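Architecture at a glance
One-letter residues, chain by chain:
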Amino acid sequence: MFGHILKLLWNSRRQNIWLVCGLFVISSCLWYALDYLYAIGVNQTRSLGFDWHHVYSLNVGVYSPESSHYQSDSIHTKAAEGDLNLFLERLRHNPSVESACVTQMHKHYVWANASASLTYDTITAWTWIRSVDPDYFRVFRVHGADGSSPEELTKKMNLTDIIIAEKLAKRLFPGQNAVGKMVKNHSNGDSVRISAICEDQKYNEFTGHQSATYMAISTAIGKGLEYTDIPWLGVYIRIKQDADNKEFVRTFRKQMRTQLMIGNLYLEDIRPMSDYRDEHLKDYRNELYTYLAVAVFFLLNVFLAVLGTFWFRTQQRQPELGLRIAIGSSALNIRRLLLGEGMLLLTLSFLPAIVVAWNLGYAEMVSTSPVEFTLRRFVVGLAMTYTLLTLTLFIGIWFPARQAMKIQPAEALHEE
Amino acid sequence: MSFISIAGTALAIAIIMVIIIIFRAKTANYEPEVNRDRTLYVKWGSAVSKINKDERNYSCLSLYDIQQAFYPLTTPEAVTAVYTYGRMLSSVPGTDEEINSEVLYTDDAFWRVFEFGFLAGKPYDAATFKSGLKQAVICESAARKLFGGVKEAIGRRLDLNFVAFTVSGVVRDVSKFAEQSYAEIWLPYTTNSNICSINITGWGEGHTGSFKCFLLARSADDFPKIRSELASSIAKMNANSKEYKLDIMDQPDDFFTQMLHKFSNGGTPPAKVIIRYCVIIFIILLVPAINLSGLTQSRMRKRISELGVRKAFGATKWSLLWQVLSENFLLTLIGGMFGLLFAYVGIWILSAWLLASDLGGEATMNGSMISLWIFFVSLIFCLVLNLLSAGIPAWKVARTTIVNALNERN
């Protein structure tokens, strides 16, 4: 059968060369797109490390001197810290709020960061430095690396200690337990104790796990927090699941509007985390959709090319196919013959595509961060490409093959 | 068979046209950015130490920079400075209606550099701007939400972050593709003492801040003149600073360059983007062209004896070539028409992805997307695709000798 099909293909090589060329280009491009999608898929299986569902992000506004609500320092003696602490307290007292926290230089899904290096012994490692209040772990449901609950992490956070992510712990303390060890923080020169290890976190769904260090933010009075700092802080609330609905922002606003006018502070904006997430992920998603569109475009092209070529071929080979039926080929035989031809053509054009793919991967022309280009990824990518192309090929050959099987042997032979 | 050719063409043209239409929508002149082709943009600034080149920041311009080096320019028709504030809480006293609106602080020249469609009222003028009177221009949708109508908004009080403003004008909503002028509420920046304060002591000596500056030239031919005038103006300002100077890093940019200049410390060079687009479009054309070539060749082989007869009766190689190409062009044209149609349907259905704006959210489809220009461009791409897909088969057919053709040997 195999040799027979090969002979058939060779005999109509002039016609087949177009199809082989087309399939080769498409196989290479499709592999590239599918490899990208596979890498993203693999990364999705790694945990995000925090939970943004039912979390709302608040902006705290500060009255400007132009506002009639503005209280100058002479009449308003309570400092910014006092106002902010009262603000948080009132948030926590709201019946639909489960927990609330404030963060500095750390907002999930917003590009606002601070980074520094930590040193232990001779090892120095880079890390994000995130100032948060202890309830951060409860609001974003961040668990301990050992599986302990967010509430336990919250308890372990205090002004003198830090909590670091597992990845950083592994880098600084290979094979050792990091809890209780002292490290030097290069951002302020302090030596600090590690009180706990939290689970690894991604920056967002499309990045790998990153090193992070959590320090307690100090909102005690007289610690230097100014009114001008407040609009830059992140204020987050986790609300109870049954309170989270489309009307939440509106009702919460109406409820809290006057309650949250504290000193020179007011509630400027409240938006669900999903808003920030959508905005932040937009570019990543656009790229993802582009690759999906490219894959669909190539598959449609394969379909049309195969359909066209085989449609024409079965028409042209009617006498031959008729003769086959006349001398006893069943409909199944004919279909198998045509599908066999298609498969062989695809395989022939797929071989050079494998070489191209390997070279692209080897030269790291594919995206290798956060998912490495491994043999496994290479093989899976090729398998996916081959399977999709085969499926498309089958659909493309199906209609012409059905037509071919309807041939009356007498008619076909008559033509001959 | 024809159906397959048409479908293949439509697919390729649809994708190319989606790219072109979106590209056009992002770069063409339309309200309020009607002067994009004669505007220069300075979005970024960097304060550099005069002693140590490595000591620098990457940021935008300060009001001090703009007042010292940009406003005094004489070659441009108008110079405007803007400050993007972000979302402000807007409320109408006496009602409990509160919305968050995007606010852009501007000067009065802003209304000359950009041409907004005023539905009612007028923009704040130079006198209002100078004296810092609290007047606001708001967009139609904000006016409807807050005041229930366009005319009703004029002269009414509007509280923005609890500061009282008076609405002086209402403009048509702005597309989010108009990134430099987009906002929902526009205010004179002189109404905010925080952003207006100038401090030339401390790091950077007052250079760099959060302002952007746009220079409207009388025509694009003035660009080199404006660039050199700006350079000498900045040099003059820098001479007055002791330790730091302002570096505007190859700016001012023209519209296309600034669109890719997304970060203060750099952007994508336009040439790179153009090459990338060309490669993408080439691949999108090439793949269907190879497929269609196979089909065209099959079709021609069926008719090879007909073409042989023509040749026997004296048709030249060129006339045969022309015949095959023009016959094929009809199919390509039909495919192209469907392709353009699919492109519009695609943009409409996938707007959340295709019309996503850098400002967040999505831009609406607008008039610039449907034009004679677009139609003409798709025609050109049809022609190219036709040449690519029928060129080789036509050449082969035209070359076949009469005897071979009549004997159906190709």
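Computed from a predicted structure; not experimentally measured. (Residues numbered from 1 in each chain as written. Chains lettered and ligands numbered in written order. Predicted model: local features only at pLDDT ≥ 70, side-chain atom pairs only at ≥ 80, totals over all residues. Heavy atoms only, no water.)

**Focus: the overall build of chain A**
- When helices and strands are counted, chain A shows twelve helices and twelve strands.
- Taking the principal axes of the C-alpha coordinates as reference, chain A spans close to 110 × 55 × 35 Å.
- The proportion of buried residues among the 416 residues of chain A is 50%.
- Considering only intrachain contacts with a sequence separation of at least 6, the fraction spanning at least 24 residues in chain A is 82%.
- Carbon and sulfur atoms form 58% of the exposed surface of chain A, whose accessible area is close to 19,300 Å².
- In chain A, the 41 positive side-chain charges and the 39 negative ones have mean positions that sit 7 Å from each other. (Helix = DSSP H or I, 4+ residues; strand = E, 2+ residues; numbered from the N terminus. Buried < 20%, exposed > 50% of the residue type's maximum accessible area, 1.4 Å probe, protein only. Contact = heavy atoms within 4.5 Å. Areas by Shrake-Rupley, 256 points an atom, 1.4 Å probe, with all protein chains shown as cover. Lys, Arg positive; Asp, Glu negative; His and termini not counted. Charge placed at Lys NZ, Arg CZ, Asp CG, Glu CD.)

**Describing the interface of chain A and chain B**
- Across the boundary between the two partners, chain A contributes 42 residues, which contact 42 residues of chain B.
- When chain A packs against chain B, the two sides together hide about 3,800 Å² of surface, and 62% of this comes from carbon and sulfur.
- Counting across the interface, chain A meets chain B through three salt bridges.
- Counting every contact that joins chain A to chain B gives eight residue pairs in polar contact (both at pLDDT 80 or more).
- Among the elements of the structure, helix H2 (13-44), helix H7 (248-256), strand S12 (265-272) and helix H8 (273-316) of chain A are those that each provide at least two residues to the side of chain A that touches chain B.
- Counting residues per element, the side of chain A that touches chain B draws most heavily on H8(A), which supplies 18 residues. (Buried area = accessible area lost by both parts, 1.4 Å probe. Salt bridge = Lys/Arg side-chain N within 4 Å of Asp/Glu carboxyl O. Polar contact = N/O pair within 3.5 Å; in protein donor to acceptor, adjacent residues only side chain to side chain.)

**So, the packing of aromatic side chains**
- Counted by the stated rule, this structure contains 49 aromatic pairs over all chains.
- Among the aromatic residues, ring-to-ring pairing joins Tyr41(B), Phe110(B), Trp111(B), Phe114(B), Phe116(B), Phe118(B), Tyr124(B), Trp186(B), Phe214(B) and Phe255(B) into one connected group. (Phe/Tyr/Trp six-rings, centres within 6.5 Å; stacked < 30°, edge-to-face > 60°.)

**A closer look at the pairing of strand S4 (residues 98-106) of chain B**
Residue and element names in this part refer to chain B.
- Counting buried positions over the nine residues of S4 gives eight, a clear majority of the element.
- Examined bridge by bridge, strand S3 (residues 78-91) and S4 share eight bridges and lie antiparallel to one another. When the bridges of S4 are listed, Arg87 appears paired with Glu102.
- Two successive antiparallel strands, S3 and S4, enclose a turn made up of six residues, where Gly94 displays a positive phi of approximately 95°.
- Here S4 runs beside strand S9 (residues 185-188); their pairing, made up of four bridges, is parallel. Bridge assignment links Val103 to a residue of S9, and that residue is Ile185. (Pairing = 2+ DSSP bridges.)

**Remarks on the packing of H8(A) against helix H10 (residues 331-362) of chain A**
All names here are of chain A.
- In contact at an axis separation of 12 Å, H8 and H10 are set at 135° when each is read in the N-to-C sense. Considered as vectors, H8 and H10 are oriented oblique to each other. In the packing of H8 onto H10, the handedness of the crossing is right-handed. Residue-level inspection shows Phe310, Arg313 and Thr314 of H8 in contact with H10, the latter providing Leu338, Glu341, Gly342 and Leu345.
- Across the contact of H8 with H10, the residue classes tally to three nonpolar, two polar and two charged. (Axes fitted to C-alpha atoms, helices over the stretch in contact; angles between N-to-C directions. Parallel < 35°, antiparallel > 145°, perpendicular 65-115°, else oblique. Left-handed = near helix turned anticlockwise from the far one by under 90°. Nonpolar A, V, L, I, M, F, W, Y, C, P; charged D, E, K, R; others polar.)

**Side note on the nonpolar core**
- Judged by nonpolar contacts, the single largest core of 106 residues is most densely connected at Phe140(A), Tyr214(A), Met17(B) and Ile21(B).
- Examining the composition of this core, we find that 13 residues originate from one element, H8(A), more than from any other.
- Once residues lying within four places of it in the same chain are set aside, the contact partners of Ile21(B) are Leu340(B), Ala343(B), Tyr344(B), Ile347(B), Met369(B) and Ile374(B).
- If you look at the next biggest cluster of nonpolar residues, it comprises 47 residues, including Tyr64(B), Ile99(B), Phe129(B) and Ile234(B). (Core = buried A, V, L, I, M, F, W, Y, C linked by side-chain atoms within 4.5 Å.)

**Some words on a nonpolar patch on the surface**
- A surface patch of nonpolar side chains, amounting to about 920 Å² of accessible area, comprises Leu330(B), Ile334(B), Phe338(B), Leu341(B), Phe342(B), Val345(B), Trp348(B), Ile349(B) and Leu350(B).
- Inspection of the secondary structure puts Ile334(B) in helix H11 (residues 317-349). (Patch = residues over 30% accessible without salt bridge, like charges linked within 9 Å, V, L, I, M, F, W, Y side chains within 5 Å.)

**Considerations on a positive patch on the surface**
- A contiguous patch of positive charge on the surface is contributed by Arg13(A), Arg14(A), Lys317(B) and Arg399(B).
- Along the chain, Lys317(B) falls in helix H11.

**Here we look at the packing of H2(A) against H10(A)**
Residues and elements named next belong to chain A.
- The N-to-C vectors of H2 and H10 enclose an angle of 35°; their axes lie 8 Å apart at closest approach. In this structure, H2 crosses over H10, and the sense of that crossing is right-handed. Across from Asn16, Leu19, Val20, Leu23, Phe24, Ser27, Ser28, Trp31 and Tyr32 in H2, the residues of H10 making contact are Leu345, Leu346, Ser349, Phe350, Pro352, Ala353, Val356, Ala357, Leu360 and Gly361.

**What about helix H11 (residues 375-405) of chain A?**
- Across its 31 residues, H11(A) extends 43 Å between first and last C-alpha, which sits within 8% of the 45 Å expected from 1.5 Å per residue.
- The largest bend in H11(A) is about 30°, located at Trp398(A), with the proline Pro400(A) one to four residues further on. (Expected span 1.5 Å × (residues − 1). Bend = angle between axes of the 7 residues up to and from the residue.)

**Quick word on the state of the cysteines**
- Taken as a whole and judged by the stated rule, the model has zero disulfides over all chains.
- Unpaired in terms of disulfides, Cys29(A) finds its nearest cysteine sulfur in Cys21(A), a separation of 13 Å.
- Here Cys278(B) stays free of any disulfide, with the sulfur of Cys29(A) as its closest cysteine sulfur at 17 Å.
- Given a relative accessible area of 48%, Cys278(B) falls into the partly exposed group. (Disulfide = S-S within 2.5 Å.)

**Here's the deal with the environment of Tyr85(B)**
- With respect to the helices and strands, Tyr85(B) occurs in strand S3.
- Overall, the relative accessible area of 32% leaves Tyr85(B) in the partly exposed class.
- Expressed as a C-alpha distance, the spacing of Tyr85(B) and Tyr105(B), which sit 20 residues apart in the sequence, is 6.9 Å.
- Those residues in contact with Tyr85(B) that lie beyond four places of it in its chain are Glu268(A), Val103(B), Tyr105(B) and Asn161(B).
- At 3.2 Å, the side chain of Tyr85(B) and the side chain of Asn161(B) are in polar contact.

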